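# Observations on the three-dimensional arrangement
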Amino acid sequence: MKILHIISSPRGNASYSIKLGNEVIARLITKYPGSTVKTHDLTDTPFPHLEESHLTSFMTEPEQRSAAQAEAAKHSDEAIAELMEADIIVIGAPMYNFNIHSTLKAWLDHITRAGVTFAYSANGPVGLVKNKKAYLAISSGGIYSNGPMKSFDFIEPYLTTMLNFIGITDITTYRVEGVAITDIQQHALASAVDKIAV
């Protein structure tokens with residue numbers, strides 16, 4: 001199996017989403033010996049926010065792009081190639097202000113492209129990224145999987161919607177949550193890891 005690990009936390013070794021993502025990958029490697037892992041840390045190589053130059057390049061056929069347009073499309077083309085090559089995608093997503101980090105949003109903007117990862121049809125958009133499995137490794141200071149704060153969680157619904165839109169419908173979510181709550185934080189990661197089943 002070819003595994004793509006998308007990291008969006010800027011906290012490095014202190015990141016719970018990275019730790020949880022690494023645990024998911026460890027289980028996957030145990031299940032699929034010989035698997036390869038490609039890690040893309042979006043905080044080390046952030047994607048630019050979409051500008052007019054990117055959008056113009058996306059709407060221009062590759063062979064007709066100018067040198068400037070080819071450069072503008074480079075990040076997107078490379079990210080989509082990584083995505084298409086992978087069998088399994090593990091996405092680490094720490095919660096910031098109830099949503100994903102802006103680096104992850106930028107990555108999604110670059111991989112969601114009409115005619116490449118989705119297409120318009122008479123019956124609506126159709127995802128073109130097929131036969132992939134995705135795991136979401138979400139971390140948060142509070143509890144958002146259930147209880148009174150559940151409606152504040154825009155991470156899982158958003159990521160699920162975006163992945164579904166481009167054709168990735170086999171998605172499993174794992175959460176390490178409550179890492180800022182005194183009575184929970186000490187065991188939060190271990191509790192999350194215990195729930196991993198790949």
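That block above? That's the structure.
Residues numbered from 1 in each chain as written. Predicted model: local features only at pLDDT ≥ 70, side-chain atom pairs only at ≥ 80, totals over all residues. Heavy atoms only, no water.

## A closer look at the overall build of the protein
Secondary structure summary: the protein contains 6 helices and 7 strands in total. What you see in the protein, going N to C, is helices and strands ordered as β-α-β-α-α-β-α-β-β-β-α-β-α. The globule rule puts the C-alpha radius of gyration for 198 residues at 16 Å, and the 17 Å found for the protein is close to it. Judged by the C-alpha coordinates and their principal axes, the protein covers about 60 × 40 × 35 Å. Counting only residues that meet the buried cut, the protein has 44% of its 198 residues in that class. Accessible surface for the protein amounts to roughly 10,000 Å². Of this, 54% is attributable to carbon and sulfur atoms. (Helix = DSSP H or I, 4+ residues; strand = E, 2+ residues; numbered from the N terminus. Rg over C-alpha atoms; globule rule 2.2 N^0.38 Å. Buried < 20%, exposed > 50% of the residue type's maximum accessible area, 1.4 Å probe, protein only. Areas by Shrake-Rupley, 256 points an atom, 1.4 Å probe, with all protein chains shown as cover.)

## Focus on the environment of G141
With respect to the helices and strands, the residue G141 is situated in the loop between β6 (133–140) and α5 (155–165). Taking the relative accessible area as the measure of exposure, G141 reaches 31% and is therefore partly exposed. Residues G141 and Y96, 45 residues apart in the sequence, show an inter-C-alpha distance of 9.3 Å. When residues no more than four places from it in sequence are discounted, the contact partners of G141 are G178, V179, A180 and I181. (Contact = heavy atoms within 4.5 Å.)

## Overview of the nonpolar core
The nonpolar side chains of a soluble globular protein tend to be buried with one another. In this structure, L104 and W107 are the most contacted members of the largest nonpolar core, which totals 29 residues. Top element by residues in this core is helix α4 (residues 102–111). It accounts for 5 residues. Contacts of W107, omitting those with residues within four sequence positions, involve I6, L42, F47, A79 and I91. V176, V179, A192 and V193 belong to the second-largest nonpolar core, a separate cluster that totals 16 residues. (Core = buried A, V, L, I, M, F, W, Y, C linked by side-chain atoms within 4.5 Å.)

## Quick word on the packing of helix α1 (residues 16–31) against helix α6 (residues 182–194)
Closest axis-to-axis distance for the α1/α6 pair is 10 Å, and the angle between their directions is 30°. Classed by the angle they form, the pair α1 and α6 counts as roughly parallel. As α1 runs across α6, the sense of the crossing is right-handed. Within the contact between the two elements, α1 uses Y16, K19, L20, E23 and R27 and α6 uses L189, A192 and V193. Of the residues in the contact of α1 with α6, the class split is 5 nonpolar, no polar and 3 charged. (Axes fitted to C-alpha atoms, helices over the stretch in contact; angles between N-to-C directions. Parallel < 35°, antiparallel > 145°, perpendicular 65-115°, else oblique. Left-handed = near helix turned anticlockwise from the far one by under 90°. Nonpolar A, V, L, I, M, F, W, Y, C, P; charged D, E, K, R; others polar.)

## Details of the pairing of strand β2 (residues 36–41)
Along any regular strand, the residues point their side chains to alternate faces of the sheet. When strand β1 (residues 2–7) meets β2, the two strands line up parallel, connected through 6 bridges. Looking at β2, one finds that H5 is bridged to T39. Taking the sense of rotation as the criterion, the β-α-β connection linking β1, α1 and β2 turns out right-handed. (Pairing = 2+ DSSP bridges. Right-handed = clockwise from strand over helix to strand, strands pointing away.)

## Focus: the packing of α4 against α5
At a closest axis distance of 11 Å, the pairing of α4 and α5 adopts a crossing angle of 15°. Overall, the two elements α4 and α5 adopt an arrangement that is roughly parallel. When you trace α4 past α5, the crossing you get is left-handed. The segment α4 lies against α5, with L104, K105 and L108 engaging Y158, L159 and M162. A class-by-class count of the residues in the contact of α4 with α5 yields 5 nonpolar, no polar and 1 charged.

## Topic: the sheet that holds β1
Here 5 strands make up an open sheet; going across it, the order is β2-β1-β3-β6-β7 and the pairing parallel. At either end of the open sheet lies a strand with only one pairing partner, and these are β2 and β7 (170–177). Sheet twist, expressed as the average angle between the axes of neighbouring strands with direction ignored, equals 15°. Looking at chain direction, β1 and strand β3 (residues 88–94) are connected through 4 bridges and run parallel.

## Concerning a nonpolar patch on the surface
There is a patch of nonpolar side chains on the surface, built from L50, L55 and M59 and spanning about 300 Å² of accessible area. Assessed through its relative accessible area of 41%, L55 is described here as partly exposed. (Patch = residues over 30% accessible without salt bridge, like charges linked within 9 Å, V, L, I, M, F, W, Y side chains within 5 Å. Salt bridge = Lys/Arg side-chain N within 4 Å of Asp/Glu carboxyl O.)

Distances and angles like these do not, on their own, reveal function.
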